[in-house]
Amino acid sequence: MVCASVHHNNTLNVAKVMGEELNAEIIKPSEFNCEMISDYDLIGFGSGIYNGKNHQSIFNLIDGLKVQNHKHAFIFSTSTIPVKVMHKSLKESLIAKEFHIVGEFYCKGFMNYSFTKFLGGLNKGRPNDRDLEKARNFARNLIKI
């Protein structure tokens, strides 16, 4: 799984529970060698959401990949307001490289930058145990696919 988790490790925490279920390693985009992709049948791409889309390092990695001939992929993220539309740009980039998207997971993540610092942040304690259990279940369902 490729994961960019920049501020509070929200997305990394989600990636860890998914990785346990999938018996998958977690790699930062900057450490992923594009030639490594042939070693995987399924690959996850995840990050926090920044200005309405996944972290730029994920897009940079995908830009460097060859066409994948329908390799299975999934998308995961954490954000202040978790909605599926936040994955639109990443999904389009993966489809352009001929990945077959088999699932998407998103949940709330703690955020305390910009104006929210004065409020003590938003989504305190997120992702929480319930969010992480949903991530585990999502990963278990990926195995069935």
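Everything discussed here concerns the structure shown above.
A. Main features of the side chain of S77. Tracing the sequence through the fold places S77 in strand β4 (residues 72–79). At 2.7 Å, the side chain of S77 and the side chain of H87 are in polar contact. Ignoring any residue separated from it by four or fewer positions in sequence, one finds S77 in contact with T11, S47, I49, N54, H87, F105, Y106 and C107.

B. Region of interest: the nonpolar core. Judged by nonpolar contacts, the single largest core of 19 residues is most densely connected at F32, I43, F45, L90, L94 and F99. Those elements giving two or more residues to this core turn out to be β1 (2–4), β2 (42–50), α2 (56–63), β4 and α3 (88–96). Considering each element in turn, this core owes the most residues, 4 residues, to α2. In contact with L94, not counting residues within four places along its chain, are F45, I62, I75, F99 and I101. By size, the runner-up hydrophobic cluster in this structure holds 17 residues, among which are M1, L22, V102 and A139.

C. Up close: the packing of aromatic side chains. One pass over the structure, following the stated rule, counts 4 aromatic pairs. Here the aromatic rings of F74 and F138 are separated by 5.8 Å at their centres, their planes lie at 65 degrees, and the arrangement is edge-to-face. Separated by 64 residues along the polypeptide, F74 in strand β4 and F138 in helix α4 (residues 129–144) bring together distant segments of the chain. Residue F74 shares its accessibility class with F138, and that shared class is buried. Ring geometry for F105 and F138: centres 5.6 Å apart, planes at 45 degrees, overall tilted. Taken together, the positions of F105 in strand β5 (residues 100–108) and F138 in helix α4 put the pair 33 residues apart, joining distant regions of the chain. The exposure class assigned to F138 is buried, which follows from its relative accessible area of 13%. Among the aromatic residues, ring-to-ring pairing joins F74, F76, F105 and F138 into one connected group. It is K53 that lies over the ring of F59; its NZ or CZ is 5.3 Å from the centre.

Reading the values: the criteria
- Residues numbered from 1 in each chain as written.
- Predicted model: local features only at pLDDT ≥ 70, side-chain atom pairs only at ≥ 80, totals over all residues.
- Heavy atoms only, no water.
- Helix = DSSP H or I, 4+ residues; strand = E, 2+ residues; numbered from the N terminus.
- Polar contact = N/O pair within 3.5 Å; in protein donor to acceptor, adjacent residues only side chain to side chain.
- Contact = heavy atoms within 4.5 Å.
- Core = buried A, V, L, I, M, F, W, Y, C linked by side-chain atoms within 4.5 Å.
- Buried < 20%, exposed > 50% of the residue type's maximum accessible area, 1.4 Å probe, protein only.
- Phe/Tyr/Trp six-rings, centres within 6.5 Å; stacked < 30°, edge-to-face > 60°.
- Lys NZ or Arg CZ within 6 Å of the ring centre and 35° of its normal.

These results come straight from atomic positions and should not be treated as a statement about function.
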